[in-house]
Amino acid sequence: METKKTNSTQLCYLLFCIGFIVLLANKFARIIEILTNTILSTNFVYLVGICFVILSILIRRFSFVDLLLIGYGYFTFITVQDTTLFSFLVLIIAVQNINMDDVIRVYARFQVIVLSVCIVLYPILLAIGSSYVSFSYISGRSQVRYNFFFSHPNNFAIQCVFTVLACLYIKRKTMSYWKVNIVLLLTIVFLSVFPRSQTAVIALIMYIVVQFTVKYAKLLWKPFIKTVLPIIIVSVSILVYINYKGITSPVANYITGTFASRFSGSAMAFHLYKINLFGNYLGELGKLQYINGQWATLWIDLAYIRMLIAFGIVGASIFYFIFFRGLKRYIQEKNYNILSLLVVVMVYAISEWTAFSVLTVFPLLFFDISFQRKSRISIYRTMRIKVG
């Protein structure tokens, strides 16, 4: 019996790793410019990866709720044509059967390999004037932003942020507090000099502050995670609505000035799309729109708002229920390592939609949706019983 269990565990892990790596490769192919028109970036490759991960779920243990959530995730993939919710639901169900440190090691190693290749090759090709290399300028300034083959410098930056955090999480038991801070500070310098991503820098500074709070001021930690962050998120949502209505105030003007494009993009989205049960296909993203007497390109980077607009009331409710249920669980368990990472996610989501992409933001994998542990079944076990 023990041998059968070991065999199913190993098969489950192998299938998961194959599927997970295919999904990560597909993710990079979609955001690295030289790969965007290759077969690696297609939905076909994405679905191959998803099928391997789902097979790993069926071989181990799953519940009826798991199947419903996977089915609904696929429904959103077809109707909304966005992989975010589908990937999130499938992967957080799959990792319940696998050691989380092993999952994060696979993620970190693959990320490090891809990013290392990009970081090494980019300056070489840039120096010889290759057509495969591009860069951009900060609007209104002469400062160059290097994208390292990615479609946007911010896409490269967020990959770097969570790759570094994944490596630090793996080394959490052996790496000292001060060595962690040195790595984070070096990463901040790199991201502020080359991709010049303010959001990435702020997110890592927030992580350093959170780690300091956990280490030296634990009494401040619980009120911060339970009260301050939710208030910030609610306030941001209200400010988007104020921007949408055109209402002005000194505080609103100051904050919206800092995140002007994020708030204005979300406000534009409310003009173009209606909030409904099952979401909208965001076909106007990246296109010029004429709204309120002016032309502007539509981008919806504020993740909290985009989740609602793209996936509707049902999809957003599922995501936020799982998110805040998991947050509550880790608060109760006083798991400061995971909570520190989730703070970074919550801050990043104010500025970047990618913050809710489980294939980039590995802390989302920590959420557990096993509602029916006692009634979970395994197709692998059922088949073996029948054969026996």
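Before any of the text, the structure's been laid out above.
Presented here is an overview of the structure given in this document. None of the values given here were measured: they were computed from a predicted structure.

## Structural notes on the state of the cysteines
Reasoning step 1: Here the structure, examined in full by the defined rule, presents zero disulfides.
Reasoning step 2: As a non-bridged cysteine, Cys 17 has Cys 12 as the owner of its nearest cysteine sulfur, 9.2 Å distant.
Reasoning step 3: On the basis of relative accessibility, which here comes to 12%, the residue Cys 17 falls in the buried class.

## Thoughts on the environment of Leu 272
Reasoning step 1: Residue position: Leu 272 is located in helix H11 (residues 260-272).
Reasoning step 2: Taking the C-alpha atoms as reference points, Leu 272 and Glu 284, twelve residues apart in sequence, are found 8.6 Å from one another.

## Looking at the packing of helix H6 (residues 153-170) against helix H7 (residues 177-193)
Reasoning step 1: In contact at an axis separation of 11 Å, H6 and H7 are set at 170° when each is read in the N-to-C sense. In terms of their interaxial angle, H6 and H7 are classed as roughly antiparallel. Judged by residue contacts, Phe 156, Ala 157, Cys 160, Val 161, Val 164, Leu 165 and Leu 168 of H6 engage Val 180, Val 183, Leu 184, Thr 187, Phe 190 and Leu 191 from H7.
Reasoning step 2: Counted by class, the contact of H6 with H7 contains twelve nonpolar, one polar and no charged residues.

## Brief notes about the nonpolar core
Reasoning step 1: With 118 residues, the main nonpolar core has Phe 20, Phe 88, Phe 162, Leu 165, Phe 356 and Phe 362 as its most contacted residues.
Reasoning step 2: In terms of residues, this core owes the most to one element, helix H12 (residues 303-333), which gives 16 residues.
Reasoning step 3: Not counting residues within four places of it along the chain, the set of residues in contact with Phe 88 comprises Phe 319, Ile 322, Val 358, Leu 364 and Phe 367.

## Let's talk about the pattern of salt bridges
Reasoning step 1: In the structure shown here, the tally under the stated rule is three salt bridges.
Reasoning step 2: Asp 102 is paired through a salt bridge with Arg 105; the nearest N and O atoms lie 3.2 Å apart. In this pair, Asp 102 and Arg 105 both sit in helix H5 (residues 100-127), three residues apart, roughly one turn of the helix.
Reasoning step 3: Since its relative accessible area comes to 30%, Asp 102 is described here as partly exposed.
Reasoning step 4: Note that Glu 333 and Arg 329 form a salt bridge whose closest N and O atoms lie 3.1 Å from each other. One end of the pair is Glu 333 and the other is Arg 329, both in helix H12 and four residues apart, which spans about a single turn.
Reasoning step 5: Given the relative accessible area of 45%, Glu 333 is considered partly exposed.
Reasoning step 6: Look at Arg 329 and you get partly exposed, because its relative accessible area is 32%.

Parameters and conventions
Residues numbered from 1 in each chain as written. Predicted model: local features only at pLDDT ≥ 70, side-chain atom pairs only at ≥ 80, totals over all residues. Heavy atoms only, no water. Disulfide = S-S within 2.5 Å. Buried < 20%, exposed > 50% of the residue type's maximum accessible area, 1.4 Å probe, protein only. Helix = DSSP H or I, 4+ residues; strand = E, 2+ residues; numbered from the N terminus. Axes fitted to C-alpha atoms, helices over the stretch in contact; angles between N-to-C directions. Parallel < 35°, antiparallel > 145°, perpendicular 65-115°, else oblique. Contact = heavy atoms within 4.5 Å. Nonpolar A, V, L, I, M, F, W, Y, C, P; charged D, E, K, R; others polar. Core = buried A, V, L, I, M, F, W, Y, C linked by side-chain atoms within 4.5 Å. Salt bridge = Lys/Arg side-chain N within 4 Å of Asp/Glu carboxyl O.

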